[in-house]
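Here's the letter readout for the chains.
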Amino acid sequence: MAQFSRDDVSSFEYVEAIPRNDRTPKQQRMWRYIAMAVAAVVVIVVVVVVAVVVTNHKKNNQTSSTGNNQLVISPYSNMQAIVTNNDTSLQQKERIFVIGDVHGCVKEFNDIVAKLNYDPTKDQIILAGDLTSKGPDSVGVVRRAKELGVLCVRGNHDDKVVRLKTFEIEKGRNAMYPVDATMPEGGVPDPIKFKNYHTGVSFNFTQSDYDYLASCPVMLHMPFLNNTIVVHGGLDPNIHSLENQIPFMVMNMRDIDKNNVTSIDSGVGEQWATVWNANQKLLNMDNTMIYYGHDSSRGLNIKQTTFGLDTGCVYGGSLTAINVKTHELTQVSCQTYVKKGSSNDD
Ligand SMILES: *[C@@H]1O[C@H](CO)[C@@H](O)[C@H](O)[C@H]1NC(C)=O
Ligand SMILES: *[C@@H]1O[C@H](CO)[C@@H](O)[C@H](O)[C@H]1NC(C)=O
Ligand SMILES: *[C@@H]1O[C@H](CO)[C@@H](O)[C@H](O)[C@H]1NC(C)=O
Ligand SMILES: *[C@@H]1O[C@H](CO)[C@@H](O)[C@H](O)[C@H]1NC(C)=O
Ligand SMILES: [Mn+2]
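The rules behind these values
Residues numbered from 1 in each chain as written. Chains lettered and ligands numbered in written order. Predicted model: local features only at pLDDT ≥ 70, side-chain atom pairs only at ≥ 80, totals over all residues. Heavy atoms only, no water. Axes fitted to C-alpha atoms, helices over the stretch in contact; angles between N-to-C directions. Helix = DSSP H or I, 4+ residues; strand = E, 2+ residues; numbered from the N terminus. Parallel < 35°, antiparallel > 145°, perpendicular 65-115°, else oblique. Contact = heavy atoms within 4.5 Å. Nonpolar A, V, L, I, M, F, W, Y, C, P; charged D, E, K, R; others polar. Donors = N, O, S within 2.8 Å, 3.2 Å for Na, K, Ca; no water. Buried < 20%, exposed > 50% of the residue type's maximum accessible area, 1.4 Å probe, protein only. Near = heavy atom within 4 Å. Polar contact = N/O pair within 3.5 Å; in protein donor to acceptor, adjacent residues only side chain to side chain. Areas by Shrake-Rupley, 256 points an atom, 1.4 Å probe, with all protein chains shown as cover. Pairing = 2+ DSSP bridges. pLDDT = per-residue confidence, 0-100. 1 Å grid on protein atoms, 1.4 Å probe; cavity = no way out; pocket = protein on both sides within 12 Å on 5 of 7 lines; lining within 4 Å. Points joined across faces, edges and corners; volume = space filled by probe spheres on them.

As named in an unreviewed UniProt entry, the protein is Calcineurin-like phosphoesterase domain-containing protein, taken from Mucor saturninus.

Structure (structure tokens):
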């Protein structure tokens, strides 16, 4: 038997014989403090590492030019990201107009239709998003647009109306409780509560109103017009194809921040359109013209290849139409329906 095996009773006794408390109380306290300090440092390091990873992850989600880390799209969005319209019937239209944010101002929409002498058999209107919300008659604008065969893109407010209506159609109004709960959409960048201004708008929609609004794509691309593109917010100049653009950002962006990240805010860097015009070739489409709305603070904003058309009708500004072949502008003035809040509220 080995001398120091576990069965060696003498060594067992020897171990038992070592006094347990061979440190003074002072030393014990010191060791306890050291242990606590080490634990605290470990916790701080872990928290910092997690925070950095989460921040980077969020940043990557917003800047990804690979399309792999897109922001979450609501399961209720019923969204078409891109529609390419090269239809012969559209190509044959004499005049094609893009109009900025109407926001429920049906009277002014009718005024501009009249001022343009708009003839749906010869002309085409395209609405640059945010047909709905804020103004007096969102449903009225949607019905009139449909009646006139108007094409459209989806604005950030339209998107919320569509998501709420999809939820209502799928689950019923009784499922939209408790009213202060957030609609379960799986971590979208702009969560909405059931009790929300847009819910009132969506409750007024019939199925056919909804079908029309939901059919407005995030990006409308017209190859026959030098690849003209209509969007509500803008396009990320650092993403070199339409397919990889991030729908939430296309509906919401205003600036490119100092880290080259698209932002929904204004005044955190350069306007996306400024960067876009300096980097036109990035999309690899010569002569591309981009028409958009969403930025009433900047107002009418015409640059070499980008046309900002939100002239704040609902805030008592004007409604603007541009003829995409001649770039001729037509405007009507608007009543003041709501006061403008922050510059991020369009
Ligand atoms: C819904 O429709 C009613 C009746 O036309 C109207 O009074 C109300 O303002 C509408 N609600 C919204 C939020 O548009
Ligand atoms: C669009 O139509 C034009 C003229 O009809 C044609 O030359 C062009 O190839 C079409 N482009 C696409 C992408 O279909
Ligand atoms: C930001 O993007 C532009 C192109 O849009 C590029 O020229 C520039 O080098 C980028 N800057 C940084 C800091 O990545
Ligand atoms: C398309 O590009 C050509 C060549 O630059 C230009 O002459 C024409 O006006 C453009 N058309 C539109 C609708 O932008
Ligand atoms: Mn908007």
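**Details of the packing of helix α4 (residues 106-115) against helix α5 (residues 138-147)**
One way to put it is that α4 packs onto α5 with a least axis distance of 9 Å and a crossing angle of 25°. By the angle between their axes, α4 is roughly parallel relative to α5. For the pair α4 and α5, the contacting residues are V106, F109 and N110 in the first and G140, V141, R144 and A145 in the second. Counted by class, the contact of α4 with α5 contains four nonpolar, two polar and one charged residues.

**Here's the deal with the coordination of the manganese ion (ligand 5)**
When four donors bind a metal tetrahedrally, each ideal donor-metal-donor angle is 109.5 degrees, and when six bind octahedrally, the ideal angles are 90 or 180 degrees. Here the manganese ion (ligand 5) is held by D130 (OD), N156 (OD1), H232 (NE2), H294 (ND1) and D346 (O), and the distances to it run 2.2 to 2.4 Å. A residue is classified by how much of its surface remains accessible, and N156, at 11% relative accessible area, is buried.

**Considerations on the site of ligand 1**
Taken together, G200, V201 and N204 form the complete shell of residues around ligand 1. Measuring from an oxygen atom of ligand 1, one finds a side-chain N or O atom of N204 at 2.2 Å. Across the complex, the protein chains shield 38% of the 360 Å² of accessible surface that ligand 1 would expose by itself.

**Focus on the environment of K107**
Within the element layout of this structure, K107 appears in helix α4. Taking the C-alpha atoms as reference points, K107 and G140, 33 residues apart in sequence, are found 9.2 Å from one another. Residues contacting K107, with those up to four places away along its chain left out, are Q335 and Y337.

**Considering the site of ligand 3**
Around ligand 3, the neighbouring residues are N238, N260, V275 and N279. N238 has a polar side-chain atom sitting 2.8 Å from an oxygen atom of ligand 3. At 2.4 Å from an oxygen atom of ligand 3 is found a side-chain nitrogen or oxygen belonging to N260. Coverage of ligand 3 by the protein amounts to 41% of the 360 Å² it exposes when considered alone. Residues belonging to the shell around ligand 3 are distributed by class as follows: one nonpolar, three polar and no charged.

**Regarding the sheet that holds strand β1 (residues 82-84)**
Strands in a sheet are paired, the pairing made by backbone hydrogen bonds, and the direction either parallel or antiparallel. The mixed open sheet is built from six strands, whose spatial order is β1-β5-β6-β10-β12-β11. In the strand order of this sheet, the two ends are held by β1 and β11 (301-302), each with one partner. In this sheet, strand β5 (residues 219-222) lies alongside β1 in parallel orientation, the contact comprising three bridges. By the bridge assignment, I82 is partnered in β5 with M219.

**Overview of the confidence of the model for the protein**
Overall, the predicted model of the protein reaches an average pLDDT of 88, with 84% of residues at or above 70. Every residue in residues 1-20 is under pLDDT 50, and counting partners more than four places away or in other chains gives two contacts. This model gives residues 56-68 a pLDDT under 50, and the stretch forms 20 contacts once residues within four places in sequence are excluded.

**Points about the layout of surface pockets**
By volume, the second largest pocket amounts to about 190 Å³. Together, 13 residues line the second largest pocket, and N156, K160, N252, I264 and N344 are the ones closest to its centre. Of all the elements in the fold, those that place two or more residues in the lining of the second largest pocket are α6 (156-171) and α9 (247-252). Per element, the largest residue contribution to the lining of the second largest pocket is three residues, and it comes from α6. Grouping the constituent residues of the lining of the second largest pocket by class yields two nonpolar, five polar and six charged.

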